[in-house]
Amino acid sequence: MLRKLIIILLCIACIPVYAYSQNSFGKKVGSKLKKFFIKGYTEQTVAAPDYSRLPEVTYSQLSGVTLESIFFELPQEIPALEEDIRFADFSELPEEYDIWSNSSINPYNVSLVGMKDTIKVDVSGYCPPSVKHVTSNWGFRKWKFHYGIDLKVHRGDTVRNAFDGTVRITRRDRGYGYFVVVRHDNGLETLYGHLNKILVKPDQKIKAGQAVGMGGNTGRSTGYHLHLEFRYLGNPINPNDIVDFQTHTVKKPVLLISSNTFAYKAEIDKIRYWTVRKGDTLGRIAYRTGVSVSKLCKLNGITKNTILRIGRKIRYT
Ligand SMILES: [Zn+2]
């Protein structure tokens, strides 16, 4: 009799315990108990990336902007500076992107070197413009900085658009040759240089993977290749931060842009040049700059016998 009574009492006691375990507090307690009783138990929690919220740039980043370049776009009240990381709505690009130019690669004049915000960019919809190997990487090339990455293409290969967007520029330039700039819906811009033929028109909406042109060797280029640049508000981003060029896939579906992204500019700013004047020799430049002749040769990709043209810039740091 007593045993029956104990079993009935236990069953009744289980009902509120089960009900309680179904609310969030109960679940927390449950997982703690699991951890306690089951050796090695770990809770699996995967945070889904939040694509619903997006970039915004504060006026604290506008250090490089001149009055002439933004006079129409400036609102009456300039928002207060905010130190915190914040994310804006993906549907609203930064105010600076109100500037739309069919000729200037960087009409924004925004320096992001000391930017205080971190900006999230959805790069999950990436399509590789070329799937061939890297022929020249991002970074210093002797005395000049290479703001993009070069990918092998053969003459006439299809060069594809990286993300959904709108064509901003289709032009010919001495350096880039035939090139295309696309403003993407995710806030990035891409540039495709040295094309043989351009297959899109300014203001045309294009999808990721759509052909923007054909591979070529136009402009300042030695050999057929695609010069590819990624930019945010006109500021180049290291393509290796976004894409793994071995597999031609994005490293992460969400790219975080912060002041670290533009830290390379500090390195560039350290560089000093000597402009060659009449009568200058490498020995004299070495004496005046305090840098050895062999180091000058190495920095500039020249030899002791190279003839120095007047006006040529010689890097010495
Ligand atoms: Zn290049």
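Residues numbered from 1 in each chain as written. Predicted model: local features only at pLDDT ≥ 70, side-chain atom pairs only at ≥ 80, totals over all residues.

## Some details on unusual backbone geometry
The condition is simple: Neighbour density around each residue's C-beta defines its exposure: 20 or more other C-beta atoms within 10 Å make it buried, 12 or fewer make it exposed, and counts between make it partly exposed, where C-beta atoms are placed from the backbone. Runs of E in the DSSP output that reach at least two residues are strands. Runs of H or I that reach at least four are helices, and both are numbered from the N terminus.
Look at Asp 203: it is not a glycine, yet its phi comes out positive at around 70 degrees. Overall, the presence of 11 C-beta atoms within 10 Å leaves Asp 203 in the exposed class. Notably, His 248 is not glycine yet its phi reads approximately 60 degrees, a positive angle. Tracing the sequence through the fold places His 248 in the loop between β17 (243-244) and β18 (249-250). Judged by C-beta crowding, with 16 C-beta atoms within 10 Å, His 248 ranks as partly exposed.

## Observations regarding the pairing of strand β10 (residues 177-184)
We apply this condition: Only strands joined by at least two bridges in the DSSP assignment are considered to pair.
Within β10, six of the eight residues are buried, which leaves the element mostly enclosed by the surrounding structure. Two elements, strand β9 (residues 165-173) and β10, share eight bridges in a ladder whose sense is antiparallel. Bridge assignment links Ile 169 to a residue of β10, and that residue is Val 181. Connecting β9 to the next strand, β10, in antiparallel fashion are three residues. In the sheet, β10 pairs with strand β11 (residues 188-195) via five bridges, with the strands oriented antiparallel. From the neighbouring strand, Val 180 faces β11, where its bridge partner is Tyr 192. Taking the residues that link successive antiparallel strands as the turn, the β10-β11 hairpin has three residues, and the phi of Gly 187 there is positive, at about 105 degrees.

## Re the nonpolar core
Applicable threshold: Nonpolar cores are built from buried Ala, Val, Leu, Ile, Met, Phe, Trp, Tyr and Cys residues. These are joined into a set through C-beta atoms within 7 Å. What counts as a contact is two residues whose backbone-derived C-beta atoms lie within 7 Å of each other.
Counting 21 residues, the largest nonpolar core has Val 159, Phe 179, Val 180, Val 182, Tyr 192, Leu 195 and Leu 226 as the members making the most contacts within it. Listing elements by their share of this core, those giving two or more residues are β7 (149-152), β9, β10, β11 and β15 (225-232). Counting residues per element, this core draws most heavily on β10, at five residues. Sequence-distant contacts of Val 180, defined by excluding residues within four places in its chain, comprise Val 167, Ile 169, Thr 170, Tyr 192, Leu 195, Ile 198, Val 200, Val 212 and Gly 213. Core analysis: the second largest hydrophobic core is formed by 18 residues, Tyr 108, Ala 162, Ile 237 and Val 243 among them.

## Here we look at the sheet that holds strand β14 (residues 211-214)
The three strands are arranged β8-β14-β12 in an open sheet whose pairing can be described as antiparallel. In this open sheet, the two strands that pair with only one neighbour each are β8 (158-160) and β12 (197-198). Relative to β14, β8 runs antiparallel, the two sharing three bridges. Bridging across to β14, Arg 160 finds its partner in Ala 211.

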